[in-house]
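The chain contents come next:
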Amino acid sequence: MTHLWVRAEQRANEERVGLTPEGAASLIAAGVRVTVEDSDQRAIAIDGYRTAGAEIAPQGAWPQAPRDAIIFGLKELPDDDTALPHRHIMFGHAFKGQPAGQRLLQRFKAGGGTLLDLEYLVDEVGRRVAAFGYWAGFAGAAVSLKCWAAQKRGGICGPVAVHPGRDALLAELGGQMDATGAPRPRAIVIGALGRVGTGASDLCEATGVAVTRWDMAETAHGGPFPEILDHDIFLNCILARPGTPVFVPETAKQAPRTLSVIGDIACDPDSDFNPVQVYDRTTTWAEPALRVHDAPVLDVTAIDNLPSMLPVESSHDYAGQLLPSLLDLPDDASGVWARAGATYHDHLARL
């Protein structure tokens, strides 16, 4: 019997989960054994999983799970260099040469486990079967506008937090922008046709911010892109990969520009293909803005778990997308899980 073990997230400010109680009930009905760890921060209460028929385990018990259990989480494991003998479903961020990712692969190699990376869970044509992209874009645009409002008040954006829902976030953000007394800024979104870009554009529209929407057609010439500097806010919503043009070079800091906020929602500063070259590290919930230039001011926000700001909506959305693939776990010999395993073994061989 396939055994799916949903672990509690151990990262601060991470309340999301990839399986809802309704999804757990569907898996159990299909013959999958489901264990869900208790959690002191998950946005969806444990009682729903218990009612669905899942077994409940203590928070953080996954290292002692049966060896054949598949450990399912979202964000990174504790970075303690222990060997990893289980199969893990998670966002590993390990296949683009990131230093932390290479250490993670070494842990899997040492333990004989397998990383089934959610970012590389794709269908026959290479499209991801599930993604948090929409809510990443929505929340990333919100943080970017918070950065703009803070600049208008003469400061830098303070800590951000979890919100009970989109309406609460929009109400708070609208109040902050209104309090500046300034006209709404202009934003440009690159990757506007994708999930992330759609979420970012929707947030801007909901707050009265005019949006210029660009996608592959507008960036196909490879740059430079002076139009970006003519907007107040730039929202980068594309996944960096070989051939991605540079949207904002390092020289943009000193260039004449209207641009004062960059929301790098794709958030991959460690990648060799990073198209936003004015910064070199992610930002945090406690310090969401990185000031990279003072005169004229330029702030970058690049938080790598943005959907966690809206954990209920983003969890239900993502879990609904992923459930059909989870139902295929017991019999997937050549589908999404097999492809994810092949991707892992290909990168493991390169260590």
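Further up the page is the structure itself.
Residues numbered from 1 in each chain as written. Predicted model: local features only at pLDDT ≥ 70, side-chain atom pairs only at ≥ 80, totals over all residues. Heavy atoms only, no water.

> Just to check I follow, could you spell out the pairing of strand β2 (residues 33–37) for this structure?
Along any regular strand, the residues point their side chains to alternate faces of the sheet. Among the five residues of β2, four are classified as buried, and the element is accordingly described as predominantly covered. Here four bridges tie strand β1 (residues 3–6) to β2, and the two strands are oriented parallel to one another. Along β2, the bridge assignment pairs Val6 with Val36. Taken together, β1, helix α1 (residues 21–29) and β2 constitute a β-α-β crossover, and its handedness is right-handed. Direction of pairing for β2 relative to strand β3 (residues 55–57): parallel, over a ladder of three bridges. Directly across from Glu37, in β3, lies its bridge partner Ala57. On the question of chirality, the crossover connecting β2 to the parallel β3 by way of helix α2 (residues 46–52) is right-handed. (Buried < 20%, exposed > 50% of the residue type's maximum accessible area, 1.4 Å probe, protein only. Helix = DSSP H or I, 4+ residues; strand = E, 2+ residues; numbered from the N terminus. Pairing = 2+ DSSP bridges. Right-handed = clockwise from strand over helix to strand, strands pointing away.)

> Sorry, what's going on with the sheet that holds β2 here?
Two pairing modes exist for strands in a sheet, parallel and antiparallel, and in both the strands are linked by backbone hydrogen bonds. Spatial strand order, β3-β2-β1-β4-β5-β6: six strands in an open sheet with parallel pairing. What marks the edges here is a single partner per strand, and that holds for β3 and β6 (114–117). Adjacent strand axes in the sheet meet at a mean angle of 25°, parallel and antiparallel pairs treated alike. Along the sheet, helix α3 (residues 99–111) contacts β5 (87–90) and β6; its crossing angle with β6, the most-contacted strand, is approximately 135°. (Axes fitted to C-alpha atoms, helices over the stretch in contact; angles between N-to-C directions. Contact = heavy atoms within 4.5 Å.)

> Quick question: what am I supposed to make of the pattern of salt bridges here?
Side chains carrying opposite charge are able to pair once their charged atoms draw close together. For the structure on display, the rule yields 16 salt bridges. Two residues, Arg166 and Asp167, come together in a salt bridge whose shortest N-O distance is 3.3 Å. The class of Arg166 is partly exposed, set by a relative accessible area of 30%. Given the relative accessible area of 55%, Asp167 is considered exposed. Taken together, the salt bridges that share partners define one network made up of Arg11, Glu76 and Asp304. (Salt bridge = Lys/Arg side-chain N within 4 Å of Asp/Glu carboxyl O.)

> Mind showing me how you'd approach the pairing of β1 here?
Of the two faces of β1, the one carrying His3 and Trp5 and the one carrying Leu4 and Val6 are both buried. Pairing of β1 with strand β4 (residues 70–72), which is carried by three bridges, proceeds in the parallel orientation. For Leu4, the partnering residue across the bridge sits in β4 and is Ile70.

> Got a minute to help me understand the packing of aromatic side chains in this structure?
Any pair of aromatic rings gets described here by the distance separating the centres and the angle formed by the planes. As enumerated under the stated definition, the model contains eleven aromatic pairs in all. A ring pair is formed by Phe91 and Phe132, whose centres lie 6.3 Å apart and whose planes are at 55°; its orientation type is tilted. Here Phe91, found in the loop between β5 and α3, pairs with Phe132, found in the loop between β6 and α4 (133–152); they are 41 residues apart in sequence, far enough to count as distant. Comparing Phe91 with Phe132 shows no difference in burial state: the two are buried. (Phe/Tyr/Trp six-rings, centres within 6.5 Å; stacked < 30°, edge-to-face > 60°.)

Taken by themselves, the reported measurements are silent on function.
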